[in-house]
Amino acid sequence: MHKVVVLIPHYNNPEGLKKSIASIDSSEKVDILVVDDGSSMEINEEAVRNTFKGEGIVLFEYLKKNEGIQTALNTGLHRIRKQDYMFVARLDCGDVNLKNRFHIQEKFLIENKDVGIVGSHVIFFKEEKTLFKLKLPLLSKKIKQKMYENAMLIHPSIMFRTAILTKIGLYPTKYKHAEDLAFFFKAMKKFELSNIDDYLVACEFNTNGLSVKNRKKQLNSRLQLIIDNFYFGYYPIKGLLKGFILYLIPVKIITKVKRIISN
């Protein structure tokens, strides 16, 4: 058993799962827990394990029916908490790790005891072509302020201390399709947050993905989160206004704007 476990929820994307695991560098020392959310497409466990070049083991957990990513993540965390892992890293099927990502983040958390969650800058791609690069604030104060505008930690890029779960619990289930942001809001009340000043993950922009297909529901949950954590200040007010505007703008236009800005 290693200090780090990589939690990967899976639903009907076995090729994406293999691609993500294959991206883990051979020098990495991590275990992997795949939680299948009631897929109709069978996972070939041997084929998945054969793609893993790092040092560690690949474990599988299966839900009997499709219950949603929040349940898959929390099922994984229940199992992880029974073990002695110090850190949990996230990854989604189809996303790719870069530059010894897990080693870099583990080292950062060991050296920065006050930080509960660390992420990184992220590259977004589609069909192997870069769409845009997202640079995020590095310091906790700015991350917490701007969290009201949008998630300042990109979910598949994060690593967090298993110990924070004792104080903040698991992923909230009431904010549909915004479980990551809800988790961050809970964490930032108790812990410092940070991003590493490097691109450590490349995320696939999938027009059939949950975040795109359920964008309206996600924005509704984001607005509810801001309201539930609201205080009279610049960032919460700006976040509410931005949320209402985003609700009216098609995702294709937003993607084009991000691409222009990043270039």
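Above this text you will find the structure in question.
Calculation notes
Residues numbered from 1 in each chain as written. Predicted model: local features only at pLDDT ≥ 70, side-chain atom pairs only at ≥ 80, totals over all residues. Heavy atoms only, no water. Core = buried A, V, L, I, M, F, W, Y, C linked by side-chain atoms within 4.5 Å. Buried < 20%, exposed > 50% of the residue type's maximum accessible area, 1.4 Å probe, protein only. Helix = DSSP H or I, 4+ residues; strand = E, 2+ residues; numbered from the N terminus. Contact = heavy atoms within 4.5 Å. Arc of directions from axis to C-beta. Patch = residues over 30% accessible without salt bridge, like charges linked within 9 Å, V, L, I, M, F, W, Y side chains within 5 Å. Areas by Shrake-Rupley, 256 points an atom, 1.4 Å probe, with all protein chains shown as cover. Salt bridge = Lys/Arg side-chain N within 4 Å of Asp/Glu carboxyl O. Pairing = 2+ DSSP bridges.

1. Examining the nonpolar core
When a protein is soluble and globular, its nonpolar side chains tend to lie buried together. Residues Ile32, Leu77, Ile117, Met147, Phe160 and Phe183 are the most contacted members of the largest nonpolar core, which totals 77 residues. When residues of this core are assigned to their parent elements, the largest contribution, seven residues, is made by helix H7 (residues 179-188). Look past the residues within four positions of leucine 77 in its chain and what remains in contact with it is Leu7, Val88, Phe160, Leu165, Leu170 and Tyr171. With five residues, the next largest nonpolar core counts Val96, Ile123, Phe125 and Ala202 among its residues.

2. Here's the deal with unusual backbone geometry
One non-glycine residue, asparagine 100, lies in positive phi territory at about 50°. Topologically, asparagine 100 is positioned in the loop between strand E5 (96-97) and helix H4 (101-111).

3. A short note on the side chain of threonine 51
Along the chain, the position of threonine 51 falls in helix H2 (residues 45-51). Judged by relative accessible area, which is 18%, threonine 51 ranks as buried. If we skip the residues at most four places from it in the chain, threonine 51 touches Lys18, Ile21 and Ala22.

4. What to know about H4
Where H4 is concerned, the buried positions are Arg101, Phe102, Gln105, Glu106, Phe108 and Leu109. Seen from one end, H4 has its buried residues packed into an arc of 160°, which puts them on one side. Against the buried residues of H4 lie strand E1 (4-10), strand E4 (87-90), E5, strand E6 (115-126), strand E8 (159-161) and strand E9 (192-204).

5. Some details on a nonpolar patch on the surface
Together, Phe232, Ile237 and Leu241 line one region of the surface with nonpolar side chains, adding up to about 370 Å² of accessible area. Looking at the secondary structure, you find isoleucine 237 in helix H10 (residues 234-248). Given the relative accessible area of 39%, isoleucine 237 is considered partly exposed.

6. Brief notes about the environment of asparagine 112
For asparagine 112, the position within the fold is in the loop between H4 and E6. Here the alpha-carbon distance between asparagine 112 and glutamate 192, two residues 80 residues apart in the chain, equals 9.6 Å.

7. Thoughts on the pairing of E6
Burial within E6 is extensive, with eleven of its twelve residues counted as buried. For E6 and E9, the ladder comprises ten bridges, and the chain directions are parallel. Bridge pairing in E9 links glycine 119 to asparagine 195. Sheet analysis places E6 next to E8, joined by two bridges and oriented antiparallel. Across the sheet, residue valine 118 finds its bridge partner in E8, namely methionine 159. In the sheet, E6 pairs with strand E7 (residues 129-134) via five bridges, with the strands oriented antiparallel. When the bridges of E7 are listed, phenylalanine 125 appears paired with threonine 130.

In short, geometric facts, not functional conclusions.
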